[in-house]
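Observations on the three-dimensional arrangement
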Amino acid sequence: MAKETANHKQKTALNKGQTISLKIKRLGINGEGVGFYKRTVVFVPGALPGEEITAQIENVYPNRAEAKVKSIRKKSKDRVDPPCPIYEQCGGCQLQHLSYAGQLREKQDVVRQAFERYTKIKPEDLPLKSTIGMEHPWEYRNKSQLQAAKDKDKVIAGLYGLNSHHIIDLDQCMVQHPETVRVTNAVKKILEDLNISIYHEKKRTGIIRTIVVRTGFETGETQLVLVTAQKKIPRKELLVSEIKKRIPNITSIVQNVNDKKTSIIFGDQTISLEGPETIGEQLGELSFDLSARAFFQLNPKQTVKLYDEAKKAAKLTGTEKIVDAYCGAGTIGLWLAPDAREVRGMDVIDESIRNAKENAKRHGFSNTHYETGKAEEILPMWLKEGWQPDVIVVDPPRTGCDQAFLKTVGKIKPKRMVYVSCNPSTLAKDVHMLISEGFKVESLTPVDMFPHTAHVEVVCSLVWEK
Ligand SMILES: C[S@@+](CC[C@H](N)C(=O)[O-])C[C@H]1O[C@@H](n2cnc3c(N)ncnc32)[C@H](O)[C@@H]1O
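Quantities reported herein were computed from a predicted structural model and do not represent experimental measurements.

Criteria and thresholds
Residues numbered from 1 in each chain as written. Predicted model: local features only at pLDDT ≥ 70, side-chain atom pairs only at ≥ 80, totals over all residues. Pairing = 2+ DSSP bridges. Helix = DSSP H or I, 4+ residues; strand = E, 2+ residues; numbered from the N terminus. Axes fitted to C-alpha atoms, helices over the stretch in contact; angles between N-to-C directions. Contact = placed C-beta atoms within 7 Å. Domains from an automatic or database assignment. Nonpolar A, V, L, I, M, F, W, Y, C, P; charged D, E, K, R; others polar. UniProt positions renumbered as here; feature names shortened; annotations may be inferred. Parallel < 35°, antiparallel > 145°, perpendicular 65-115°, else oblique. Left-handed = near helix turned anticlockwise from the far one by under 90°. Near = placed C-beta within 6 Å.

**Side note on the sheet that holds strand 9 (residues 208-215)**
Read from one edge to the other, the open sheet built from seven strands follows the order 8-7-6-9-10-11-12, with strand pairing classed as mixed. Each edge of the open sheet is held by one strand with a lone partner, namely strand 8 (167-169) and strand 12 (269-274). Each strand axis lies, on average, 35° off the axis of its neighbour in the sheet, ignoring direction. Packed on one face of the sheet, helix 4 (residues 178-193) meets strand 6 (143-151), strand 7 (154-160), strand 9 and strand 10 (222-228) and runs near 150° to strand 9. Taken strand by strand, helix 5 (residues 236-246) contacts strand 10, strand 11 (252-257) and strand 12, and its axis lies near 60° from that of strand 12.

What follows is the structure, encoded as structure tokens:
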């Protein structure tokens, strides 16, 4: 006990404001540099692996500390000047100071670390592939959603700055599709010229809350969503006609009403203002109609690569019955459906399941079946009904799969499992359990869906071996 207390004391020996020398060992899950001072782990945003820095401690917790870079004594050879002029203030990207090749390598390392930490797979046996990156890792996001605000008489729209409640006006963004930036800027100017009331978050007054713009990369169709704090927009007709006049190639203009005190962007009611309620987008052979609130991957170019990896991992022969668990609008399952006997998907969001059914119908698939509900409840139900899948594909939220779901998968003993994950830590924890059920990891492929941010997506291929 005394020893433990001594260790504990040693671990918290750092003090706020203290200046220390630190060697950065690796990149953390949020893109920060990670080093160790004595035995305390120190997280330093902006520092890179291999660097030797002088850091100033900003926060101390029982088992970790946070610090900022005071100076860099030894620079990483991968350090580059961030090309975006507002990179430091914005906070939307975390890795622009690291070369793109360095980002791909470090993202692979983040996956390696998670598997070293949570599984018993020997590092030399980990079948980890290189990260699949983009040729042109810029202008990849198909959607922007920016909070509107007033700065004196000027209408601004942007993200909340790092650790602040102050909106950083974004009139340019290097990772957004240029059309989303162009339309947002034009809308800001129209709102300003017409003196349309803008929502004030603290006072909870005003009308326009968020400007959302989504563009179809393949179709060129663009939708503008004005999220408002109330249904009535004074001079609405004038506003819509001015938007049509100044942004003539916009496909759809809709209003979404969100009168709640919340950081969630969309409310329940969507009203069409001009044009169709949806825009179209194409992924490979598949086309999709996207309504304002429909979930759709943000980087369509990399989505095709991600789904192709999932398809490769599934090793289909045309005879398999597949589960597409956590299916959203059914996109992964529909990617696999031409090569499968049957695809069954489930998701907790009823609207997504309706979209999945419509998408399957539009493409003429007669071998699909979708149900609304929890994966951990629907899968055992299908089993009880005597329906047994050969391949199980999962794409769960960041929290990973429910334990009961993984237990059911163990009972089914499917030939293969494909785990698509946006969180390497929960992936590794779940894979540890799947290995104990009887699976072996065949391959792990990171896919870079969000260049210049700390996010890593992984396709993990598992094969039943017991
Ligand atoms: C990462 S998204 C995957 C969406 C889809 N596969 C795609 O690629 O577009 C995770 C999905 O899991 C759903 N979800 C969350 N918890 C669930 C649960 N317990 N059972 C089934 N679906 C769930 C969410 O509604 C969301 O659509």
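What follows continues from the structure just given.
**Structural notes on the domain arrangement of the chain**
For the chain, the domain assignment lists domain 1 (2-79), domain 2 (123-133 + 299-464) and domain 3 (143-291). The centre of domain 2, based on its C-alpha atoms, is set 33 Å off from the matching centre of domain 3. Listed per partner, the contact involves seven residues of domain 2 and seven residues of domain 3. With three residues, the single largest contributor to the side of domain 2 that touches domain 3 is helix 6 (residues 300-314). Split into classes, the residues belonging to the side of domain 2 that touches domain 3 amount to three nonpolar, four polar and no charged.

**Some remarks on the UniProt feature "active site" (unreviewed entry) in the chain**
Annotation from UniProt places "active site" (unreviewed entry) at C422. In this structure, C422 sits in the loop between strand 19 (416-421) and helix 11 (424-437). In this structure C422 touches R398, H455 and E457, once residues within four positions along its chain are discounted.

**So, the packing of helix 9 (residues 375-384) against helix 10 (residues 403-412)**
Interaxial distance between helix 9 and helix 10 falls to 8 Å at its minimum, and their mutual angle equals 25°. Classified by the angle their axes make, helix 9 and helix 10 are roughly parallel. In terms of crossing hand, the pair formed by helix 9 and helix 10 is left-handed. Together, A375, E376, L379, P380 and L383 of helix 9 and A404, F405, T408 and I412 of helix 10 make up the contact between the two elements. Residue composition of the contact of helix 9 with helix 10, by class: seven nonpolar, one polar and one charged.

**Re the packing of helix 3 (residues 100-118) against helix 11**
Packing of helix 3 against helix 11 leaves a shortest axis separation of 8 Å and a crossing angle of 40°. The angle between helix 3 and helix 11 places the two elements in the oblique class. When you trace helix 3 past helix 11, the crossing you get is right-handed. Seen from helix 3, the contacting residues are V110, V111, A114, F115, R117 and Y118; seen from helix 11, they are P424, S425, L427, A428, K429 and H432. In terms of residue class, the contact of helix 3 with helix 11 is built from eight nonpolar, two polar and two charged.

**Overview of the site of the ligand**
In the vicinity of the ligand, 18 residues are found, and the nearest of them are Y326, G328, K374, A375 and D395. Those elements giving two or more residues to the shell around the ligand turn out to be helix 7 (331-336) and strand 16 (342-347). The residue inventory of the shell around the ligand, partitioned by class, reads ten nonpolar, four polar and four charged.

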